[in-house]
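Take a look at the letters that make up each chain.
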Amino acid sequence: MTKSSTLVITQSLSFGLCYIHACPIEEEEDDDDESLGEQRSRSESTMKTSGPFHAVRVSPLAPLNRAHILLYSLALFAALRLRLHFPATSLPSFLLLAADLLLAFMWFTYQALRWRPVRRREFPDRLLHAVAPDNLPAIDVFICTADALREPPASVASTALSAMAFDYPPEKISVYVSDDGGSAVTLLAFAEAAKFARYWLPFCRENGIVTRSPEDYFRSVEGGEPETVKDVFSQLEKMFQALKEKVEKALQRGDICNDITQGEEEEEILKKWKGFIRNDHPSIIQVLLQSSKDSDVTGKPLPNLIYVSREKRPTSHHHFKAGALNALTRVSSTMSNAPLILTLDCDTYSNDPRSPLHALCYFLDPAMSSNLAFVQFPQIFQGLNKNDIYATEVKRLYTINPRGKDGLGGPNYVGTGCYFSRCSLQGNTLPPSLPRQPTDSISSEFVIRKAREVTSCTYELGTKWGTKIGFRYGSLSEDFHTGLHLHCQGWKSVFCYPEKPAFLGDVPQNLNDVLSQRKRWSVGLFEVAFSRYCPLTFGTTKASFLEGLSYAHEAFWGSWSIPITIYCILPQLALIYGTPLFPKVSNPLFYLYAYLFLAAYVQDLLEFLAAKGTIRRWWNDQRMWMFIGLTSYLFGTIQFLLKKVGVSSQGFNVTSKVVEDEQRERYQKGVFDFRAQSPFFVSLGTVAIVNLSSFAVGLGRAASLQGSLDELFAQLFLSACVVANCWPIYEAMFLRSDGGKMPRMITVFSLLAACFLHGIGYLMFSV
């Protein structure tokens, strides 16, 4: 950082701590952004001298995967034929047959992801050599928040600041924030963030700061700043802390009083929320920063920053996050109309300021860009405990599966960290009601009026928004639904996984939030699976057979609940009453089942380790797969079925981003948190007790009765596996006394439910 830059920032900070003002620069006449197609044409000629912008390599394990698919298919067919050879004359045999058929279906659909996995690499330096900064396309960044209490506004503002600080021409960046929570505090947070950006952006730029989310930067740095910027760092930290305290004070009060606002301009901005409530208000749009007018303390332009809270009325359906994203798509069309769109969750901040360049390595490649809909970065999370006890890394969904899909037609959209081509969402032209007015400032009365018009409750009526245009409606999993539609329309996508994570997000740090989130996912996926857009029919015919299968595997995730629940209860009840359900160890057919079990788990482990996982994390991932199957998928399936028969159910629930200190401490120590009064825990407790009792009885039977171990080994082994996975539950129910233990009432209900299941077992296997 130069002395002159440091002096400018330091002097401005001294003044800014008392009052931060907008520093206007001379407004220049902007030329229309050249089209993405023209930029591709220019890059095509320069690529010949600078080299390709990216490379791709098919996994060398692909042939082995295909050979194993053939071998495993034969074994699976033999096992199913054996099961079908004996008619399902009893309820247990029928349930086991249903479980085996579903397991076979889920395995079959997953093989599409193993058929041709690929790995990619980008060369952003070659891109910069080929394309001048002035010729880079503009980017619109969309950030959605829906609840100021569960998604702290200061943290959301920090995410926006990290995107505003990209290593990218600032005048080509526009950040749009959708506040579906309808909170004046969120608007206050972004008004403060707009002031803070004048100091934060040049500080990051001049010092090569990589972590550009101020909240995470100040949390991670502990006095390690160079002496040359120590004073600036200290003052910036104080400014951001003051911002957080101001916002948190307003949040606690539930209102913004005069002693919180600072200056007439801020008071005027916040008046927009006077007299309105979050679920009943007109469109509120505020341009907080404008590149053509606002600059940082070094005189360089700032990115555009626009706050949007679309119109809400109690009688209108708003389509949750998909509706918010579509509103931002239309608002941005009236303002910046950038050819590229980046969507970010409110807690997913930029961890690499060069991520736009990695995405452009594909968008500016003429060989693939004409039908490239989006470039998806993996979801990677900060703050995971050592062994990831809740499997919130979701490595298979966010890392392993996308590489498999990338070899077919591209990964699906996962809701955040994704760069879209605007024309894939909206077409090549704007709707007739949104004429471009290049001479109008984005804050002009004309543009604001148009922006309000396109965010009204009635705008989408009679249009194709949500069905043929934009982010798709009809599912709580709008990301999955949108990706499926785009691929079925012939668009492609790319999985971009640079060595340095481009984005980092937060994870739930208590078990109930994790399970609730997965339940919401399963309901949303079922809404797609049992619609006219079912991947098994729509996907396999409109995209490709393998792409359709890969989407079907995720769409039917909730069906895991059936085989998991059956295999966690039925063989164990039979074990208690000495009823064999599988071949004896001395029977050669036993080794067929052993191969199917071991081959599936060993392959899963090897894939997990190849994706930079560890054995302990893999074990926890398997445990959570069982927990989620018994809770999230089971309850999600029930909720979906009730909804289909007309029984109302809860809507979209925002996952809390607020973590208590005690809860965080338990999580970092790797201790499960069971303190919630949740029906999920009744289900888990019931299964844990049934398996513990069956294992004890089965072990006693094997020790006392000759031949029992040979006859019941498979069931005893299954029971032992479930007991081992349920150890944290036993601790929470009977051994722990801390705040994260299982509530006594949940334990009592679990014991009663286990007794009930034992009664059913008696009727099935003893009477």
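See the structure shown above.
None of the values given here were measured: they were computed from a predicted structure.

A. Quick peek at the overall build of the protein chain. Within the protein chain one finds 29 helices and 15 strands. Per-residue burial over the protein chain gives 59% buried out of 767 residues. As displayed, the protein chain has an accessible area near 32200 Å², and 58% of this comes from carbon and sulfur atoms.

B. Highlighting the pairing of strand 11 (residues 372-376). The element strand 11 is extensively covered by neighbouring structure, given that five of its five residues are classed as buried. Across three bridges, strand 11 lies against strand 13 (residues 418-421) in antiparallel orientation. Considered in strand 13, the bridge of valine 375 is made with tyrosine 419.

C. Region of interest: helix 25 (residues 661-668). Those residues of helix 25 not exposed but buried are Gln663, Arg666 and Tyr667. Projection of helix 25 onto a plane perpendicular to its axis shows the buried side chains occupying an angular sector of 100°, all on one side. Where helix 25 ends, the next residue or the one after it, glycine 670, has phi of about 80°, a positive value.

D. Region of the structure containing the sheet that holds strand 15 (residues 503-505). Pairing within the open sheet is mixed, and its three strands lie in the order 10-15-12. Since the sheet does not close on itself, it has two edges, and those belong to strand 10 (349-350) and strand 12 (380-381), each with one partner. Pairing of strand 10 with strand 15 involves two bridges; the strand directions are antiparallel. Counterpart to tyrosine 349 in the pairing with strand 15 is leucine 504.

E. Layout of the packing of helix 21 (residues 561-576) against helix 29 (residues 744-765). It is the contact of helix 21 with helix 29, at a shortest axis distance of 9 Å, that shows an interaxial angle of 65°. By the angle class used here, helix 21 and helix 29 are roughly perpendicular. For the pair helix 21 and helix 29, the crossing hand works out as right-handed. For the pair helix 21 and helix 29, the contacting residues are Ile569, Leu570, Leu573, Ala574 and Ile576 in the first and Leu757, His758, Gly761, Met764 and Phe765 in the second.

F. Quick peek at a positive patch on the surface. On the surface, Lys464, Lys468, Arg532 and Lys542 cluster together into a patch of positive charge. With respect to the helices and strands, the residue lysine 464 is situated in the loop between helix 16 (445-454) and helix 17 (478-488). Taking the relative accessible area as the measure of exposure, lysine 464 reaches 52% and is therefore exposed.

G. Focus on the side chain of serine 522. Structurally, serine 522 can be placed in helix 18 (residues 511-529). Relative accessible area serves as the criterion here: at 1%, serine 522 is assigned to the buried category. What serine 522 contacts, discounting residues up to four positions off in sequence, is Gly558, Ser632, Tyr633 and Gly636.

H. How the structure looks around the nonpolar core. Core analysis: the largest hydrophobic core is formed by 78 residues, its most contacted members being Val175 and Trp200. The element contributing the most residues to this core is helix 8 (residues 184-207), with 15 residues. When neighbours within four sequence positions are excluded, valine 175 is seen to be in contact with Val141, Ile143, Ala160, Ala163, Met164, Asn304, Leu305 and Ile306. Core analysis: the second largest hydrophobic core is formed by 76 residues, Cys568, Ile628, Phe640 and Met733 among them.

I. Here's a closer look at the environment of leucine 251. Positionally, leucine 251 belongs in helix 10 (residues 230-253). We classify leucine 251 as partly exposed; its relative accessible area is 23%. Residues leucine 251 and alanine 184, spaced 67 residues apart in sequence, show a C-alpha to C-alpha distance of 9.3 Å.

J. Representation of helix 27 (residues 708-725) in the model. Taking 1.5 Å per residue as the helical rise, helix 27 with its 18 residues ought to reach 26 Å, and the 24 Å between its terminal C-alpha atoms agrees with that figure. Within helix 27, the axis deviates most sharply at alanine 714, by approximately 50°. Ser708, Leu712, Ala714, Gln715, Leu716, Leu718, Ser719, Val722, Val723 and Asn725 are the residues of helix 27 that are buried. Against the buried residues of helix 27 lie helix 21, helix 22 (589-610), helix 23 (615-630), helix 26 (679-704) and helix 28 (727-735).

K. A look at unusual backbone geometry. Its identity as a non-glycine residue notwithstanding, asparagine 337 has a phi of 55°, on the positive side. Following the sequence through the fold, asparagine 337 ends up in the loop between helix 12 (320-334) and strand 9 (340-345). Positive phi values are uncommon outside glycine, yet aspartate 388 reaches one of about 50°. If you trace the backbone, aspartate 388 turns up in the loop between strand 12 and helix 14 (395-406).

L. Broad picture of the packing of aromatic side chains. Inspection of every chain in the model, using the stated rule, returns 46 aromatic pairs. Here phenylalanine 218 and phenylalanine 233 contribute two aromatic rings whose centre-to-centre distance is 5.6 Å and whose plane-to-plane angle is 55°, an arrangement assigned as tilted. Pair noted here: phenylalanine 218 is in helix 9 (residues 214-220) and phenylalanine 233 is in helix 10, with a separation of 15 residues, a long-range link. Each of the two residues, phenylalanine 218 as well as phenylalanine 233, counts as buried. Relative to tyrosine 591, the ring of phenylalanine 590 has its centre 5.4 Å away and its plane inclined at 85°; by these criteria the two rings are edge-to-face. The class for phenylalanine 590 is buried, based on a relative accessible area of 13%. In textbook terms, an aromatic cluster arises when at least three aromatic residues are bridged by ring pairs, as seen for Phe196, Trp200, Phe203, Tyr217, Phe218, Phe233 and Phe240. One Lys or Arg, arginine 198, reaches over the ring of tyrosine 199 and ends 5.4 Å from the middle of that ring. Cation over ring: arginine 330 sits above tryptophan 465, and NZ or CZ is 4.8 Å from the ring centre.

Parameters at a glance
- Numbering of residues starts from 1 in every chain and runs along the sequence as written.
- Totals for whole chains, interfaces and linings use all residues, but because this is a predicted model, local features are given only for residues with pLDDT of at least 70 and pairs of side-chain atoms are given and counted only at 80 or more.
- Excluding hydrogens and water, the side-chain figures rest on all heavy atoms present in the structure.
- Strands here are runs of E lasting at least two residues and helices are runs of H or I lasting at least four, both read from the DSSP assignment and numbered beginning at the N terminus.
- Partly exposed describes any residue whose relative accessible area lies between the buried limit of under 20% and the exposed limit of over 50%, with all areas from a 1.4 Å probe on protein chains only and scaled to the type maximum.
- Here, Shrake-Rupley sampling with a 1.4 Å probe gives the accessible areas, and only protein chains in the shown set may cover a residue.
- When DSSP finds at least two bridges between two strands, those strands are taken to pair.
- To be clear, the arc concerns the directions from the helix axis to the C-beta atoms.
- An axis is simply a line fitted to the C-alpha atoms; with a helix, the fit covers only the stretch in contact. Between two such axes, the angle follows the N-to-C directions and lies from 0 to 180 degrees.
- An angle below 35 degrees is treated as roughly parallel, one above 145 as roughly antiparallel, one from 65 to 115 as roughly perpendicular, and anything else as oblique.
- By convention, the crossing between two helices is left-handed when the near helix turns anticlockwise from the far helix through less than a right angle, and right-handed when the turn is clockwise.
- Contact between two residues is taken to exist if any of their heavy atoms lie within 4.5 Å; hydrogens are not considered.
- Patch membership requires more than 30% relative accessible area and the absence of a salt bridge. Residues of like charge join within 9 Å; the nonpolar side chains Val, Leu, Ile, Met, Phe, Trp and Tyr join within 5 Å.
- Note on definitions: salt bridges are taken to be side-chain nitrogens of Lys or Arg within 4 Å of carboxyl oxygens of Asp or Glu.
- This count recognises Lys and Arg as positive and Asp and Glu as negative, with His and chain-terminal groups excluded.
- The location of each charge is read from NZ of Lys, CZ of Arg, CG of Asp or CD of Glu.
- Buried Ala, Val, Leu, Ile, Met, Phe, Trp, Tyr and Cys residues that are joined via side-chain atoms within 4.5 Å together make up what is termed a nonpolar core.
- Helix span is expected to be 1.5 Å times the residue number reduced by one.
- To get the bend at a given residue, fit one axis to the seven residues ending there, fit another to the seven starting there, and take the angle between those axes.
- Each Phe, Tyr or Trp ring (for Trp, its six-membered ring) is paired with any other whose centre lies within 6.5 Å, and the angle between the two planes then decides the class: stacked below 30 degrees, edge-to-face above 60, tilted in between.
- Here, a charge over a ring means that NZ of Lys or CZ of Arg falls within 6 Å of the ring centre while also lying within 35 degrees of the ring normal.

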